[in-house]
Number of protein chains: 2
Amino acid sequence: MERRRGAELEGVLLDAAWDELMESGYARLTMEAVAARAHTGKQVLYRRWRNRAELVIAAMRHRTGSIVENVPDTGSLRDDVLGVLRLMAERFATLGPDVVHGLLAEAPDLDPEIYTRMTSVMATIVKRAAERGEIPTDDLPDRVLTAPTNLLRHEMLFARDPLPASALTSLVDDVFLPLVSGRPGRSG
Amino acid sequence: MERRRGAELEGVLLDAAWDELMESGYARLTMEAVAARAHTGKQVLYRRWRNRAELVIAAMRHRTGSIVENVPDTGSLRDDVLGVLRLMAERFATLGPDVVHGLLAEAPDLDPEIYTRMTSVMATIVKRAAERGEIPTDDLPDRVLTAPTNLLRHEMLFARDPLPASALTSLVDDVFLPLVSGRPGRSG
DNA sequence: ACTCCTTAGAGACGGTACGTCTCTTACGGT
DNA sequence: ACCGTAAGAGACGTACCGTCTCTAAGGAGT
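None of the values given here were measured: they were computed from a predicted structure.

Analysis parameters
Residues numbered from 1 in each chain as written. Chains lettered and ligands numbered in written order. Predicted model: local features only at pLDDT ≥ 70, side-chain atom pairs only at ≥ 80, totals over all residues. Heavy atoms only, no water. Helix = DSSP H or I, 4+ residues; strand = E, 2+ residues; numbered from the N terminus. Buried < 20%, exposed > 50% of the residue type's maximum accessible area, 1.4 Å probe, protein only. Contact = heavy atoms within 4.5 Å. Near = heavy atom within 4 Å. Polar contact = N/O pair within 3.5 Å; in protein donor to acceptor, adjacent residues only side chain to side chain. Nonpolar A, V, L, I, M, F, W, Y, C, P; charged D, E, K, R; others polar. Expected span 1.5 Å × (residues − 1). Bend = angle between axes of the 7 residues up to and from the residue. Buried area = accessible area lost by both parts, 1.4 Å probe. Salt bridge = Lys/Arg side-chain N within 4 Å of Asp/Glu carboxyl O. Least-squares fit on C-alpha atoms with pLDDT ≥ 70 in both. Domains from an automatic or database assignment. UniProt positions renumbered as here; feature names shortened; annotations may be inferred. pLDDT = per-residue confidence, 0-100.

Colleague: Is there a simple way to think about the overall build of chain A in this case?
Modeller: Along its length, chain A carries 10 helices and 0 strands. The secondary structure elements of chain A, listed N-terminal to C-terminal, are α-α-α-α-α-α-α-α-α-α. By principal-axis analysis of the C-alpha atoms, chain A measures approximately 70 × 35 × 30 Å. Among the 188 residues that make up chain A, the fraction classed as buried is 46%. Here the analysis covers contacts within chain A between residues at least 6 apart in sequence; of these, 72% occur between residues at least 24 apart.

Colleague: For this particular structure, what's the right way to read the protein's contact with DNA strand C?
Modeller: Lining the immediate surroundings of DNA strand C are 23 residues, of which R4 and H39 of chain A together with K42, Q43 and Y46 of chain B lie closest. In the interface set of DNA strand C, defined as its atoms within 4 Å of the protein, sugar plus phosphate atoms amount to 59%. In this structure, a phosphate oxygen belonging to DNA strand C sits 2.9 Å away from a main-chain N or O atom of H39 of chain A. Contacts to DNA strand C include R48 of chain A, whose side-chain N or O atom sits 3.1 Å from a phosphate oxygen. Elements represented by at least two residues in the surface near DNA strand C include exactly α3 (42-46) of chain A together with α2 (31-37) and α3 (42-46) of chain B. Classifying every residue of the surface near DNA strand C gives 7 nonpolar, 6 polar and 10 charged.

Colleague: Looking at this model, I keep getting lost on helix α10 (residues 165-181) of chain B. Mind explaining?
Modeller: Because the α-helix completes a turn every 3.6 residues, residues three or four places apart line up on one side. Look at α10 of chain B: 23 Å from first C-alpha to last across 17 residues, which is about the 24 Å you get at 1.5 Å a residue. Of all the bends in α10 of chain B, the greatest, near 30 degrees, is centred on V172 of chain B. Residues of α10 of chain B that are buried: A167, L168, S170, L171, V172, D174, V175, F176, L177, L179 and V180 of chain B. Tucked inside the fold, the buried residues of α10 of chain B contact α8 (142-145) and α10 (165-181) of chain A together with α5 (77-95), α7 (111-132), α8 (142-145) and α9 (147-158) of chain B.

Colleague: What should I look at first to understand the protein's contact with DNA strand D in this one?
Modeller: Taken together, 23 residues surround DNA strand D, and among them K42, Q43 and Y46 of chain A together with R47 and R48 of chain B come closest. Among the atoms of DNA strand D lying within 4 Å of the protein, the sugar-phosphate backbone contributes 59%. Between Y46 of chain A and DNA strand D, the recorded distance is 2.5 Å, taken from a side-chain N or O atom to a phosphate oxygen. Mapped onto the surface near DNA strand D, the elements with two or more residues apiece are α2 (31-37) and α3 of chain A together with α3 of chain B.

Colleague: Even after reading the chapter, I still don't get the interface of chain B and chain A, so can you show me in this structure?
Modeller: Interface size is commonly expressed as the accessible area that is lost once the parts come together. With 29 residues of chain B in contact, the opposing surface of chain A contributes 30 residues. Note on chain B versus chain A: buried area summed over both sides is about 3,000 Å², and carbon and sulfur give 65% of it. Inspection of the chain B/chain A interface yields 4 salt bridges. Between R143 of chain B and E155 of chain A there is a salt bridge; the shortest N-O distance is 2.4 Å. Of all elements in the fold, only α6 (97-106), α7, α8, α9 and α10 of chain B reach the threshold of two or more residues within the side of chain B that touches chain A.

Colleague: Any chance you could explain unusual backbone geometry here in plain terms?
Modeller: A negative phi angle is the norm for most residues apart from glycine, just as the trans form is the norm for most peptide bonds. One non-glycine residue, H39 of chain A, lies in the positive phi region at around 55 degrees. Structurally, H39 of chain A is set in the loop between α2 and α3.

Colleague: Explain the relation of the copies chain B and chain A to me, please; I cannot follow it from the model alone.
Modeller: In this structure, two copies of a chain are linked by a rotation about an axis accompanied by a shift along it. Each copy of the sequence occupies a distinct position, and chain B is placed on chain A by a rotation of 180 degrees and an axial shift of 0.0 Å, giving an RMSD of 0.2 Å. Taken together, the rotation angle and the small translation identify this as a two-fold axis. Both copies contact each other with a shared surface, as 100% of the interface residues of chain B are interface residues in chain A too.

Colleague: I tried to follow the domain arrangement of chain A on my own but got confused; where do I start?
Modeller: Residues and elements named next belong to chain A. Per the domain assignment, the segments making up chain A are domain 1 (6-63) and domain 2 (68-181). Between domain 1 and domain 2, the C-alpha centre-to-centre distance is 29 Å. Contact with domain 1, which involves 13 residues of that partner, is made by 10 residues of domain 2. Both faces combined, the contact of domain 1 with domain 2 buries some 890 Å², and carbon together with sulfur accounts for 70% of it.

Colleague: Just to check I follow, could you spell out the pattern of salt bridges for this structure?
Modeller: Where side chains of opposite charge bring their charged atoms close, a pairing between them can arise. For the coordinates displayed, the defined rule picks out 28 salt bridges over all chains. The partner of D109 of chain B in a salt bridge is R160 of chain A, with the nearest N and O atoms 3.4 Å apart. Note that D109 of chain B is positioned in the loop between α6 and α7 and R160 of chain A in the loop between α9 (147-158) and α10, a pairing that runs across two chains. Residue D109 of chain B is classed as exposed on the basis of its relative accessible area of 58%. What makes R160 of chain A partly exposed here is its relative accessible area of 49%. Between R128 of chain B and D73 of chain B there is a salt bridge, with its nearest N and O atoms 3.7 Å apart. Of this pair, R128 of chain B sits in helix α7 while D73 of chain B sits in the loop between α4 (52-63) and α5, and the two are 55 residues apart along the sequence. Connected through salt bridges with shared partners, the residues E20, E23 and R37 of chain A form a single ionic network.

Colleague: I keep staring at the UniProt feature "DNA-binding region" (unreviewed entry) in chain A and nothing clicks. Help me out?
Modeller: In this numbering, the UniProt entry assigns the feature "DNA-binding region" (unreviewed entry) to residues 30-49 of chain A. Secondary structure within residues 30-49 of chain A divides into 60% helix and 0% strand; the distance between the first and last C-alpha atoms comes to 13 Å.

Colleague: Explain the confidence of the model for chain A here, please?
Modeller: Segments scoring low in pLDDT should not have their predicted coordinates read at a detailed level. When the pLDDT values of chain A are averaged, the result is 91; 96% of them are 70 or greater. This model gives residues 183-188 of chain A a pLDDT under 50, and the stretch forms 8 contacts once residues within four places in sequence are excluded.

Here's what the structure looks like:
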């Protein structure tokens with residue numbers, strides 16, 4: 001019997017968790033099923049992750065890269081923001097609402113981080129746009145900066161059907177661009 | 001042994017569920033505990049609600065009135081919107097993140113309804129403001145209309161700490177009012 | 001090459017809560 | 001007075017949790 005170890009074993013475990021996630025969703029993913037799929041015992045999982053949520057998060061990180069490390073830079077504010085929203089929507093689509101709802105409920109400590117990260121992405125995009133002279137200032141309230149990403153996240157969380165493409169453009173054209181273009185400096 | 005029936009029994013059941021909810025949160029609320037607290041059996045619960053989520057939703061509806069039936073009308077757009085946001089925040093505070101996260105995960109069919117309702121509330125408020133001449137038009141894109149309530153909901157879902165009062169005013173002053181005041185008619 | 005030590009692989013175990021089923025009996029309707 | 005519905009109570013089988021135990025594989029050290 002060949003016995004896996006170290007990084008090799010860990011990779012197998014995370015792949016097994018990911019496959020279970022795709023097949024059963026979060027709610028019906030069990031530690032037993034992940035262990036069985038990886039041809040090992042539960043203890044091997046519990047030795048590395050304290051619970052389902054941690055395992056699933058690790059599996060997601062193992063699979064998908066971070067948006068933070070891949071900020072769009074197209075030369076157009078509109079396209080940059082749209083690019084970020086598309087990345088978010090794409091990722092959400094592969095994960096499915098199940099997973100996000102589940103993690104929200106079971107890993108609340110992680111939740112604030114998820115959306116704090118996005119603030120810096122938006123700040124980068126807006127700063128570039130201001131430097132290009134596309135908008136008057138990059139000194140915007142945080143809630144303006146994160147409005148499009150937060151609204152998108154909200155919509156993905158609550159909508160039952162997949163989002164139409166028009167949702168993304170509406171968020172940019174109806175909400176974000178009006179807020180950053182014509183307005184004077186920050187109010188508070 | 002006095003045996004409860006009909007509306008009386010139902011009230012007792014919903015009260016028991018509500019009390020359990022307040023005491024244990026959603027994740028640790030069990031049908032067994034609710035039944036025990038109401039001095040009855042589980043079957044009495046399952047005869048009325050198919051699962052935990054339905055029971056909890058019924059208990060919430062039984063306790064708290066609808067925001068829809070109580071649209072603020074202060075004569076000021078800003079105060080009306082703030083009033084709605086305060087109602088939402090207050091309700092969320094009594095329920096706790098647990099409950100909302102849990103329902104989001106276990107009652108996804110209900111989720112879209114929750115925020116669709118708010119659209120009509122905001123439409124009413126905006127219409128009144130337009131009639132008063134406070135804003136140029138009440139013909140706004142849905143995503144502008146629901147931006148403040150959706151952003152608040154998002155923030156409540158993801159924030160770990162209770163929201164500061166400034167969160168509400170920022171949503172109104174930095175995001176909503178700029179969108180509805182200075183802009184021309186809808187773009188799309 | 002031999003020994004030691006960690007830990008993989010496998011499964012048993014007790015615990016909790018689910019949702020169903022069964023049984024007796026209170027009580028409202030006719 | 002009778003009958004049918006459903007309350008009250010709890011047993012039951014199932015699922016999965018997280019812990020614990022045991023054997024033996026296979027690196028590390030000498």
